[in-house]
Amino acid sequence: MEAKASVTFVRLSPQKVTIVQDLIRNKPVVEARAILKNTPKAASAYLLKLLDSAVANAENNLHLNKENLIVSETFVGPGPILKRMQPRSRGSAYRILKRTSHITLVVKEKE
């Protein structure tokens, strides 16, 4: 059995989130929490809250033991892109793309 949690419209680019996700994939929940607490990336705060939410879903909804859970899947997809303009020389403008992400995390019991 597996429990899922997701967060949408995170103001981080999917590329930056993927770097941190690769650190915790297929790890036990206790080890994944320790990794996220000690990783100095902006995405680690979002993933830590998401991991806690997925574990709470597993405990409360599926009655699974927290000690036997592993991070089975984690993936990120692109969200909508906010387009902004930066003034440049001679009256032109550059486009700034502020990317967003949709993050999903799945935990399941060890086999």
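The structure under discussion appears in the preceding block.
Residues numbered from 1 in each chain as written. Predicted model: local features only at pLDDT ≥ 70, side-chain atom pairs only at ≥ 80, totals over all residues. Heavy atoms only, no water.

Asks: Go over the pattern of salt bridges, please, and point to the residues and values.
Replies: Here the structure, examined in full by the defined rule, presents 2 salt bridges. One salt bridge connects D52 with R33, and the closest N-O pair in it is separated by 2.4 Å. Pair noted here: D52 is in helix α3 (residues 42-61) and R33 is in helix α2 (residues 29-37), with a separation of 19 residues, a long-range link. Judged by relative accessible area, D52 falls into the partly exposed class, the value being 35%. (Salt bridge = Lys/Arg side-chain N within 4 Å of Asp/Glu carboxyl O. Helix = DSSP H or I, 4+ residues; strand = E, 2+ residues; numbered from the N terminus. Buried < 20%, exposed > 50% of the residue type's maximum accessible area, 1.4 Å probe, protein only.)

Asks: Please give an account of the nonpolar core that cites residues and values.
Replies: With 24 residues, the main nonpolar core has L36, L47, L51, L69, L105 and V107 as its most contacted residues. A per-element tally of this core places α3 first, with 8 residues. In contact with L69, other than residues within four places in its own chain, are P28, V29, V55, A58, L64, V107, K108 and E109. (Core = buried A, V, L, I, M, F, W, Y, C linked by side-chain atoms within 4.5 Å. Contact = heavy atoms within 4.5 Å.)

Asks: Outline unusual backbone geometry, supporting the account with residue identities and numerical values.
Replies: Located in the positive-phi region is F9, a residue other than glycine, with phi close to 60°. Residue placement: F9 occurs in strand β1 (residues 2-10). Of note, N26 is a non-glycine position whose phi angle comes to about 65°, a positive value. Within the secondary structure, N26 is located in the loop between α1 (14-24) and α2.

Asks: Just give me the short version of the environment of N26, but keep the residues and values in it.
Replies: Exposure remark for N26: the relative accessible area of 56% places this residue in the exposed category. Taking the C-alpha atoms as reference points, N26 and A3, separated by 23 residues in sequence, lie 14 Å from one another.

Asks: Can you break down the pairing of strand β3 (residues 82-87) residue by residue, with the values?
Replies: Two elements, β3 and strand β4 (residues 93-98), share 6 bridges in a ladder whose sense is antiparallel. Within β4, the residue paired with P87 across the bridge is A93. Hairpin connection of β3 to β4: 5 residues between the antiparallel strands, including R90 at a positive phi of 55°. (Pairing = 2+ DSSP bridges.)

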